[in-house]
Amino acid sequence: MWKSYPNLCPAIIEGMEKTKDSLDEEIFARIKKKKMGNYVRNLNSPEFLSSIFISYFFYGINVFRYLDILEKTSFSNVLNRFDELIDPRFHSYSIIMPK
C-alpha cells in the first residue's frame, strides 16, 4: 500500500487545483450575501451576541467589524488566499505504516 506514495502527493495537489478551478464568483456572491443577512438577523438575539462576542474576543476580532470585513472580502481575495493555502512548497504528508 505504501508503494503508491509517489502518486499520492501529486494527486492531492491536482485535486486541490481542480477545486480552485471549480470556484464560481456568482456562488461566492450568494454565500456572502447569505452570511451577511444571517449575521444582521442574529444581531437581534442576545444569546447570539453574547456567544459570538466572547468567541471573537479571544481571537482578537471586534464583533462589530465582522460585517465590514465580510463586505470588503472579494472573490479575488478568496482566490489569492486559496493559492497561498494550496502552495505545495508548504505541505507535508504523513504516512502511518501498519506494524
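Small disclaimer: the values here were computed from a predicted structure and weren't measured.

### Focus on the overall build of the protein chain
When its secondary structure is counted, the protein chain shows five helices and zero strands. Moving toward the C terminus, one meets the helices and strands of the protein chain in the order α-α-α-α-α. Computed over the C-alpha atoms, the radius of gyration of the protein chain is 19 Å, more than 25% above the 13 Å expected from 2.2 N^0.38 for a compact globule of 99 residues. In terms of its C-alpha atoms, the protein chain occupies a principal-axis envelope of roughly 55 × 35 × 20 Å. Residue burial in the protein chain is summarised as follows: out of 99 residues, 14% are buried. Excluding contacts between residues fewer than 6 apart, the proportion of contacts in the protein chain whose partners are at least 24 apart in sequence is 81%. If you sum the accessible surface of the protein chain, you get close to 8,400 Å²; carbon and sulfur atoms cover 60% of it.

### Side note on the pattern of salt bridges
All chains considered together, the criterion is met by three salt bridges. The salt bridge partner of Glu14 is Lys18, with a shortest N-O separation of 3.3 Å. Here the residue Glu14 and the residue Lys18 both occupy positions in helix α1 (residues 5–22), the gap between them amounting to four residues, near one helical turn. For Glu14, a relative accessible area of 41% corresponds to the partly exposed category.

### With respect to helix α2 (residues 25–42)
Taking 1.5 Å as the rise per residue, α2 with 18 residues should run 26 Å; its terminal C-alpha atoms sit 26 Å apart, in good agreement. Buried residues of α2: Phe28, Lys32, Met36 and Tyr39, and no others. The buried residues of α2 occupy one face: seen down the axis, they fall within an arc of 65°. Exposed residues pointing more than 90 degrees away from the buried face of α2 are listed as Glu26, Arg30, Lys33, Lys34 and Arg41. Its buried side turned inward, α2 meets α3 (46–58), α4 (66–72) and α5 (75–85). Of the residues that open α2, the one with a side-chain oxygen 2.9 Å from the backbone nitrogen of Glu26 is Asp24.

### What to know about the environment of Asp68
Note on placement: Asp68 falls in helix α4. Here the alpha-carbon distance between Asp68 and Met36, two residues 32 residues apart in the chain, equals 9.6 Å.

### Remarks on the side chain of Lys32
Counting through the fold element by element, Lys32 comes out in helix α2. This buried residue, Lys32, is left without a salt bridge; Glu71 holds the nearest opposite charge, at 7.9 Å. Apart from residues no more than four positions distant in its own chain, Lys32 is found in contact with Leu70, Glu71 and Thr73.

### Remarks on the environment of Arg30
The residue Arg30 is located in helix α2 in this model. Residue classification places Arg30 among the exposed residues on the basis of a relative accessible area of 56%. Remark: the alpha-carbon pair of Arg30 and Val40, spanning 10 residues in sequence, is separated by 15 Å.

How each quantity is defined
- Residues numbered from 1 in each chain as written.
- Predicted model: local features only at pLDDT ≥ 70, side-chain atom pairs only at ≥ 80, totals over all residues.
- Heavy atoms only, no water.
- Helix = DSSP H or I, 4+ residues; strand = E, 2+ residues; numbered from the N terminus.
- Rg over C-alpha atoms; globule rule 2.2 N^0.38 Å.
- Buried < 20%, exposed > 50% of the residue type's maximum accessible area, 1.4 Å probe, protein only.
- Contact = heavy atoms within 4.5 Å.
- Areas by Shrake-Rupley, 256 points an atom, 1.4 Å probe, with all protein chains shown as cover.
- Salt bridge = Lys/Arg side-chain N within 4 Å of Asp/Glu carboxyl O.
- Expected span 1.5 Å × (residues − 1).
- Arc of directions from axis to C-beta.
- Polar contact = N/O pair within 3.5 Å; in protein donor to acceptor, adjacent residues only side chain to side chain.
- Lys, Arg positive; Asp, Glu negative; His and termini not counted.

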